[in-house]
Amino acid sequence: MSRETGRFVASMALAIAIVLGAGLPAAAQQGAQDGEWRYYGGDLGSTKYSPLDQINRDNVADLDIVWRWKTDNFGPQLDFNFQATPLMIDGVLYTTAGRRRNVVAIDAATGETLWMFRYDEGRRGEVAPLRSSSGRGVAHWSDGQGDDRIIHVTQGYHLVALDAETGRPVPTFGEDGIVDLYNGLYDGLDRPAIEDGQIGLNSPATVVNDVVVVGAALRAVAPAREFPAGFVRGFDVRTGEQLWVFHTIPQAGEFGNDTWEDGSWRYTGNTGAWAPMSGDEELGYVYVPVETPTNDLYGGHRPGDNLFAESIVCLDVRTGERVWHFQFIHHGIWDYDIPTAPTLIDLNVDGRVIKAVAQITKQAFTYVFDRATGEPLWPIEERPVPQSDVPGEQSAATQPFPTRPPAFDRQGVSEEDFLDFTAEIAAEARRIGGEYKQGPLYTPPILAGQDGFRGLLMLPHMTGGANWQGGAVDAETGILYVASITNPTIAGLVNDPDRTSMDLVGGGGRLRGRDALRQRQGCGEIGPLGLPLIKPPWGRITALDLNAGERLWTIANGPTPDCVANHPALSGLDIPRTGKPERSGILVTKTLLFAGEGSGLMATPTWAGGPMFYAYDKQTGDIIWEYELPKNQSGVPMTYMLDGKQYIALAIGARGQPAELIALALP
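Residues numbered from 1 in each chain as written. Predicted model: local features only at pLDDT ≥ 70, side-chain atom pairs only at ≥ 80, totals over all residues. Heavy atoms only, no water.

### Considerations on the overall build of the chain
Then, number 1: What the chain contains, in helices and strands, is five helices and 41 strands.
Then, number 2: Radius of gyration (C-alpha) of the chain: 24 Å, near the 26 Å computed for a compact globule of 667 residues.
Then, number 3: Put simply, the chain has 667 residues, and 64% of those count as buried.
Then, number 4: Contacts spanning at least 24 positions in sequence make up 64% of the contacts within the chain whose residues lie at least 6 apart.
Then, number 5: Carbon and sulfur atoms make up 46% of the accessible area of the chain, which amounts to about 23500 Å² in all.
Then, number 6: Separation of charge centres in the chain, based on 54 positive and 83 negative side chains, amounts to 5 Å. (Helix = DSSP H or I, 4+ residues; strand = E, 2+ residues; numbered from the N terminus. Rg over C-alpha atoms; globule rule 2.2 N^0.38 Å. Buried < 20%, exposed > 50% of the residue type's maximum accessible area, 1.4 Å probe, protein only. Contact = heavy atoms within 4.5 Å. Areas by Shrake-Rupley, 256 points an atom, 1.4 Å probe, with all protein chains shown as cover. Lys, Arg positive; Asp, Glu negative; His and termini not counted. Charge placed at Lys NZ, Arg CZ, Asp CG, Glu CD.)

This is how it looks when you write it as structure tokens:
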């Protein structure tokens, strides 16, 4: 099927959806309600917004830590990379913790542990692809009549339903409370078999209208072109019965199958949904962000546009049928998979109230659609892009560019982007940059050494731009706040049979030996005199007005790194606040915007984020308050009200130390 045919079919589906949705009420996304935090993103629309205002600009300086909960005793290794965001329901926090991904219930007022659940999966859990992380949290469901459940996906890819009061598995769910997610994924299909260590999920499941929707995360580099695919499934929240499966790689006879040419749909893998999802219960839709297919930087073995890779897909949660979709990247070869939950927000665009969904992407675009129909709020243009000359690769001729809102970070690399604090630094930056191919966004990766270049300088980085931390949107104003980094990837393709039997894989073009060591002792991977190659800000927060599709402001997130501020070549210069190249999880309340500097887990400690936590003015980005945490912020903050007191809770961690969940409140 040609791309033109695909557009015609999509437009027919769009017209039908408009007719069916015309009489539906406009359900506003108001953020977390009733002083609780019942969803990973605050509400089912993942706004990460709370209307609480006890903590405000007049008293935020009085905030202090009121309790600390440590993860020391929840696994054999320190869980310093604690990425979870807890839920708060009826005075209890629920989250995951520890390298074994235990589920814990914590008293929200005191930090006391109430119960813990751990499922011992043996080798299957020990070799899981995401075993180094505690996971990002859990989901919750209630029938409103006393049946309250915590829904959990284990390291080894089991789905578990726990009694929220006791932490015990619900015996009527699956087999004694547990569903094996290996089962049912490929029923009736001739697909590569699943082996332990290939598939898992780091994000919480999503529950929409009594259906648990589960995605998948897989190994980033597959050892062969034949690899498991991460299809999306729906399960009955009461029984654990699998209700449907949506093939993110369309199988024979399914819409989009012909975008996987030469039969590549039969064996290509990945293409999962590893990020959290969002849902609209009135529409009955779940919004699925889909990742890159096997492998990240080379797609010669999967010719075609490769639907539904690197797309947002809207599914009917009752049936799993596709309502609409939009593919952000055709035939992705940049690892620009969709890393964060779509954000649901009701907007007023040119006098029209629109139930919208906004998708933040790694490539620093924000795509905004009518969430009932999939119609873009502003035109999205298919524009010609540079073409690959790597043997066997067939890159797409065009890619979709949104006309609004503007990009929230730098895209593409040219000499204008190189650091130029002094003439000497500018000259050295140009010399180093000249060793790499440069070009606009969507310039394809090259062979390492091709035309004398070490590799391609790719900006944003293959991890973003934005990543799993995503952004937060003020449900009352329609202003989206997103954290991003400006730090290039070196994309050089090599033949490496030790990693994969496929022709090419990323990993070439990097510095080696003493050059690499010298750079790690400075800032970043390459750059003049041990400094970054690209101009600051290196870490930023951007405010986008989604009603108008305009950028309001951009600020540097964090101070100037020590490796820059103390560099002898910059002595006597007035270096502005540059931010640090780490993304921060953002929380928005009725009065303030809260964000830290990032996890501190960059490869170069002098280049990493620090332990500072900030309250910003939402209208200007000005810092109102700053606070030094015991460790770096590592999870997305949340807030709740309990017994008349507002709390802000967040996960923190540091290398070599146990992670913690802490709560701040007013005296």
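### Overview of the sheet that holds strand β28 (residues 471-473)
Backbone-to-backbone hydrogen bonds pair the strands of a sheet. The strands run either parallel or antiparallel.
Then, number 1: Pairing in this open sheet of four strands is antiparallel, and the strands run β28-β29-β32-β33 from one edge to the other. Whereas interior strands pair on both sides, the edge strands pair on one side only; in this sheet they are β28 and β33 (550-556). Averaged over all neighbouring strand pairs, the angle between strand axes comes to 20°, with direction disregarded.
Then, number 2: Bridge count between β28 and strand β29 (residues 479-485): three bridges; the pairing is antiparallel. (Pairing = 2+ DSSP bridges. Axes fitted to C-alpha atoms, helices over the stretch in contact; angles between N-to-C directions.)

### Re the nonpolar core
Then, number 1: Of all hydrophobic cores here, the largest spans 40 residues; its most connected members are L63, W67, L93, F594, W625 and Y640.
Then, number 2: Dropping the residues within four chain positions of it, Y640 is found in contact with G35, L52, W67, M88, L93, A108, K645, Q646, Y647, A649 and A663.
Then, number 3: Core analysis: the next-biggest nonpolar cluster, separate from the first, contains 35 residues, L347, F408, L544 and I586 among them. (Core = buried A, V, L, I, M, F, W, Y, C linked by side-chain atoms within 4.5 Å.)

### So, the environment of Y40
Then, number 1: Locating Y40 in the fold gives a position in the loop between α1 (3-21) and β1 (49-50).
Then, number 2: C-alpha separation for the pair Y40 and T268, spaced 228 residues apart in sequence, amounts to 31 Å.
Then, number 3: If we ignore the near neighbours within four places in the chain, the residues touching Y40 are T85, L87, R136, P204, P276, W468 and V636.

### Some words on the confidence of the model for the chain
Then, number 1: In the predicted model, the chain carries a mean pLDDT of 92, and the fraction of residues at 70 or more is 93%.
Then, number 2: For the stretch residues 1-28, pLDDT sits under 50, and the model shows 29 contacts to residues farther than four places along the chain or on other chains. (pLDDT = per-residue confidence, 0-100.)

### Quick word on helix α3 (residues 423-433)
Then, number 1: Every buried residue of α3 is listed here: I425, A426, A429, I432 and G433. Down the axis, α3 shows its buried residues gathered within 130° of arc, on one side only. In α3, the exposed residues that point more than 90 degrees away from the buried face are A423 and E424.
Then, number 2: On the buried face of α3, the contacting elements are β27 (456-458). (Arc of directions from axis to C-beta.)

### Here we look at the sheet that holds strand β17 (residues 278-280)
Then, number 1: One open sheet holds the four strands; their spatial order is β17-β18-β19-β20, and the pairing between them is antiparallel. Each of the sheet's edge strands pairs with one partner strand only, and the pair in question is β17 and β20 (322-327). Between one strand axis and the next, the sheet turns by 15° as a mean value, whatever way the strands run.
Then, number 2: Where β17 and strand β18 (residues 285-289) come together, three bridges link them in antiparallel fashion. Counterpart to G279 in the pairing with β18 is V286.

### Points about the state of the cysteines
Then, number 1: Throughout the structure, instances matching the rule amount to one disulfide.
Then, number 2: With a sulfur-sulfur separation of 1.8 Å, C523 is cross-linked through a disulfide to C563. Handedness of the C523-C563 disulfide follows from its S-S torsion of about 115°: it is right-handed. You can see C523 sitting in the loop between α4 (513-520) and β32 (539-545) and its partner C563 sitting in helix α5 (residues 562-565), a full 40 residues away along the chain. Each of the two residues, C523 as well as C563, counts as buried. (Disulfide = S-S within 2.5 Å.)

### Quick look at the environment of E416
Then, number 1: Turning to its location among the elements, E416 is positioned in the loop between β25 (398-402) and α3.
Then, number 2: Taking the C-alpha atoms as reference, E416 lies 48 Å from M641; in sequence the two are 225 residues apart.

### Digging into the pattern of salt bridges
Then, number 1: Enumeration over the complete set of coordinates arrives at 24 salt bridges.
Then, number 2: For R383, the salt bridge identified is with E381, shortest N-O distance 2.9 Å. (Salt bridge = Lys/Arg side-chain N within 4 Å of Asp/Glu carboxyl O.)

### Topic: the pairing of β29
Then, number 1: Within β29, seven of the seven residues are buried, which leaves it mostly tucked inside the rest of the structure.
Then, number 2: The alternating pattern of β29 places I479, Y481, A483 and I485 and L480, V482 and S484 on opposite faces, both of which are buried.
Then, number 3: The hairpin formed by β28 and β29 contains five residues between the paired strands, and G478 there has a positive phi angle of roughly 75°.
Then, number 4: Judged from the seven bridges that link them, β29 and β32 form a sheet pairing that is antiparallel. In the sheet register, I479 faces β32, and the bridge partner there is D545.

### Structural notes on unusual backbone geometry
Then, number 1: Geometrically, the link from L307 to F308 is a cis peptide bond, its omega value of 5° lying close to zero.
Then, number 2: Take F308: it is sitting in the loop between β18 and β19 (311-316).
Then, number 3: Omega for the bond connecting R404 with P405 falls within 30 degrees of zero, at -15°, which places this linkage in the cis form.
Then, number 4: The residue P405 is located in the loop between β25 and α3 in this model.
Then, number 5: With a phi close to 55°, D90 is a non-glycine residue in the positive phi region.
Then, number 6: Tracing the backbone shows D90 in the loop between β3 (87-89) and β4 (92-97).
Then, number 7: Overall, the relative accessible area of 68% leaves D90 in the exposed class.
Then, number 8: Positive phi, normally seen in glycine, also occurs at Y157, with a value near 75°.
Then, number 9: When you line up the elements, Y157 lands in the loop between β8 (148-153) and β9 (158-163).

### Quick word on the environment of T71
Then, number 1: By the element assignment, T71 lies in the loop between β2 (64-70) and β3.
Then, number 2: Residue class for T71 comes out buried when judged on its relative accessible area of 3%.
Then, number 3: Along the backbone, T71 and P460 are 389 residues apart, and their C-alpha atoms lie at a distance of 34 Å.
Then, number 4: With residues near it in sequence (within four places) discarded, T71 still touches D79, F82, A97, P658 and A659.

### Some remarks on the packing of aromatic side chains
Then, number 1: The tally for this structure, following the rule as stated, stands at 22 aromatic pairs.
Then, number 2: Judged by centre distance (4.4 Å) and plane angle (45°), the rings of F328 and Y367 are tilted. In this pair, F328 is assigned in the loop between β20 and β21 (343-349) and Y367 in strand β23 (residues 366-370), connecting sequence segments 39 residues apart.
Then, number 3: On the accessibility criterion, F328 (0% relative accessible area) is buried.
Then, number 4: By relative accessible area, Y367 is classed as buried at 0%.
Then, number 5: When the ring of F613 is compared with that of W625, the centres are 6.1 Å apart and the planes differ by 85°; the resulting orientation is edge-to-face. Of this pair, F613 sits in strand β36 (residues 612-616) while W625 sits in strand β37 (residues 623-628), and the two are 12 residues apart along the sequence. Pair check on accessibility: F613 and W625 agree, each one buried. (Phe/Tyr/Trp six-rings, centres within 6.5 Å; stacked < 30°, edge-to-face > 60°.)

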